[in-house]
Amino acid sequence: MTELTEKPPPHGGDVYHLARTLGVDIADLLDFSANINPLGFPPGLTMAVQEAMREIVHYPDRRSLKLRAALADYHRLTPGEILVGNGSTELIYLVARALRPRRGLIVTPAFSEYEHALNLARVPADFYPTDESHNFTLRDVPEPQAGDLVFLAHPASPSGVLLDPELFLRLAARSEAAGAYLLLDEAFVDFVEEASLKIHLGRFPCLLILRSFTKFFAIPGMRLGCLLGAPELTARLAESQEPWSVNTMAQVMGRACLADSEYISRTRALIKREREFLFDRLAATPGLTPFPSVVNYLLVELTRPGMTAAALREQMLTHRIVIRDASNFRGLDERFFRIAVRGREENERLLMALEQCLRM
Ligand SMILES: Cc1ncc(COP(=O)(O)O)c(C=O)c1O
């Protein structure tokens, strides 16, 4: 247990480590700390992968042509505007390294890998904080300088709120005018695809939009993501990418995911219903204040004096339920935790355990 009390893990979803530390099987843990589609991956994936097995005697298609064509179709772009990667995280590191920015400007709170990628590329990082009174999203726009690389998540992470499109357009125009790059992280926008800002790509050559297969299609272990951007920019980034980083199985799975429109609509309906259910129940629980969200996670503030997210996380572990202590997000503190939206029965279990822990 000591290792658990030392410091919260940098991310949610570290179930291998947790199961080892607790001496339990992964299957015994109910994981609300990583935001993965509770339906599991699309059913057609197993067959698609079995069929693709015979291709693994070859190196993967280095340019992922079939997957890029499918992505182009899905996003109404051209294949030249798409670069695929080994998870969107690989692409964050690639951008920080390959664009040689003068400075990184991160809108916080934010996914910690932006800062880590900048550190590894020896690029200084600055921060543009958003605050609680505005649900941790932009209420005004930073002023990027020449050579900056701006990181901004849409919907916001970890609060799950949408950006005001007007503010985004102002930021994109300022970035373009200043000679800065803007990386818009839409890793969770699939849950509200109609809100994606990808429609503005053609107007801003400095804009890169990051997408992930991890969350919506429930394949975190496969590693697949992509960047959408102007063909000149994606081609430049491709030159700095390690060869074959996207394996054959991932390429095949990506295409099968995009083709399953029934799974896609079922997921959106389920997440919307369950998020509303969870939000209402959490809002009615004394000591908890959830933030409004449009995606498959909810940021929650502990308002009961003396209770910290780290302590709550430990107590929840005695129920074998994992929540994300969000205190290590820059700009948040020990009052904040985050939970995924799962299926009804699991959500009920979470709520029951939370109520018990808060009564103690
Ligand atoms: C906001 C955000 N962006 C990007 C990622 C990276 O996802 P992946 O590398 O699995 O595509 C995460 C993962 O948690 C995230 O929370």
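Further up the page is the structure itself.
On a predicted model such as this, the values are computed, not experimentally measured, just so you know.

## Topic: the side chain of D31
- Along the chain, D31 turns up in strand β1 (residues 30-31).
- For the buried residue D31, which engages in no salt bridge, the nearest side chain bearing the opposite charge is R342, 5.7 Å off.
- Reaching out from D31, the side chain makes a polar contact with the side chain of S33 at a distance of 2.5 Å.
- For D31, the residues in contact, after removing those within four places along its chain, are G13, V15, V322 and R342.

## Regarding the sheet that holds strand β10 (residues 297-302)
- Spatially, four strands are ordered β9-β10-β13-β12 in an open sheet, and the strand pairing comes out antiparallel. Strand pairing shows two members of the sheet lacking a second neighbour, β9 (288-290) and β12 (324-325), which therefore form its edges.
- Note: β9 against β10, three bridges, orientation antiparallel. When the bridges of β10 are listed, L288 appears paired with L302.

## Thoughts on the packing of aromatic side chains
- As enumerated under the stated definition, the model contains 12 aromatic pairs in all.
- The interplanar angle of 75 degrees and the centroid separation of 5.1 Å between the aromatic rings of F216 and F217 together place this pair among those described as edge-to-face. Each member of the pair F216 and F217 is classed as buried.
- Ring centres of F216 and Y263 lie 6.5 Å apart, and the angle between their planes is 85 degrees; this geometry places the pair in the edge-to-face category. Of this pair, F216 sits in the loop between β7 (207-212) and β8 (225-229) while Y263 sits in helix α10 (residues 261-283), and the two are 47 residues apart along the sequence. Accessibility assignment for this pair places F216 and Y263 in one class, buried.
- Ring-pair connections join several aromatic residues into one group, and the members of that group are F191, F213, F216, F217 and Y263.

## Things to note about the nonpolar core
- F168, F217, L312, M316, F337, I339 and L350 are the most contacted members of the largest nonpolar core, which totals 82 residues.
- If near-sequence neighbours (up to four positions away) are discounted, F168 is found in contact with L163, L182, L184, L197, H200 and L207.
- By size, the runner-up hydrophobic cluster in this structure holds 26 residues, among which are L91, I92, A98 and L210.

## Some words on unusual backbone geometry
- T108 connects to P109 through a cis peptide bond whose omega is 0 degrees.
- The residue S64 is not glycine, and still its phi comes out positive at about 45 degrees.
- You can see S64 is positioned in the loop between α3 (45-52) and α4 (65-75).
- Among the residues examined, S64 registers a relative accessible area of 2% and is labelled buried.
- A positive phi angle is found at R320, which is not glycine, with a value near 65 degrees.
- Turning to its location among the elements, R320 is positioned in the loop between α11 (309-317) and β11 (321-322).

## Looking at the sheet that holds β8
- Spatial strand order, β2-β8-β7-β6-β5-β3-β4: seven strands in an open sheet with mixed pairing. The open sheet has two edge strands, β2 (82-85) and β4 (125-129), and neither has a second partner. Strand-to-strand twist of the sheet, defined as the mean angle between neighbouring strand axes without regard to direction, takes the value 20 degrees.
- Judged from the four bridges that link them, strand β3 (residues 103-108) and strand β5 (residues 148-153) form a sheet pairing that is parallel. If you follow L105 over to β5, its bridge partner there is V150.
- Contacting β2, β5, β6 (181-185), β7 and β8, helix α5 (residues 88-98) runs over the sheet at an angle of about 155 degrees to β7.

About the thresholds
Residues numbered from 1 in each chain as written. Predicted model: local features only at pLDDT ≥ 70, side-chain atom pairs only at ≥ 80, totals over all residues. Heavy atoms only, no water. Helix = DSSP H or I, 4+ residues; strand = E, 2+ residues; numbered from the N terminus. Buried < 20%, exposed > 50% of the residue type's maximum accessible area, 1.4 Å probe, protein only. Lys, Arg positive; Asp, Glu negative; His and termini not counted. Salt bridge = Lys/Arg side-chain N within 4 Å of Asp/Glu carboxyl O. Polar contact = N/O pair within 3.5 Å; in protein donor to acceptor, adjacent residues only side chain to side chain. Contact = heavy atoms within 4.5 Å. Pairing = 2+ DSSP bridges. Phe/Tyr/Trp six-rings, centres within 6.5 Å; stacked < 30°, edge-to-face > 60°. Core = buried A, V, L, I, M, F, W, Y, C linked by side-chain atoms within 4.5 Å. Axes fitted to C-alpha atoms, helices over the stretch in contact; angles between N-to-C directions.

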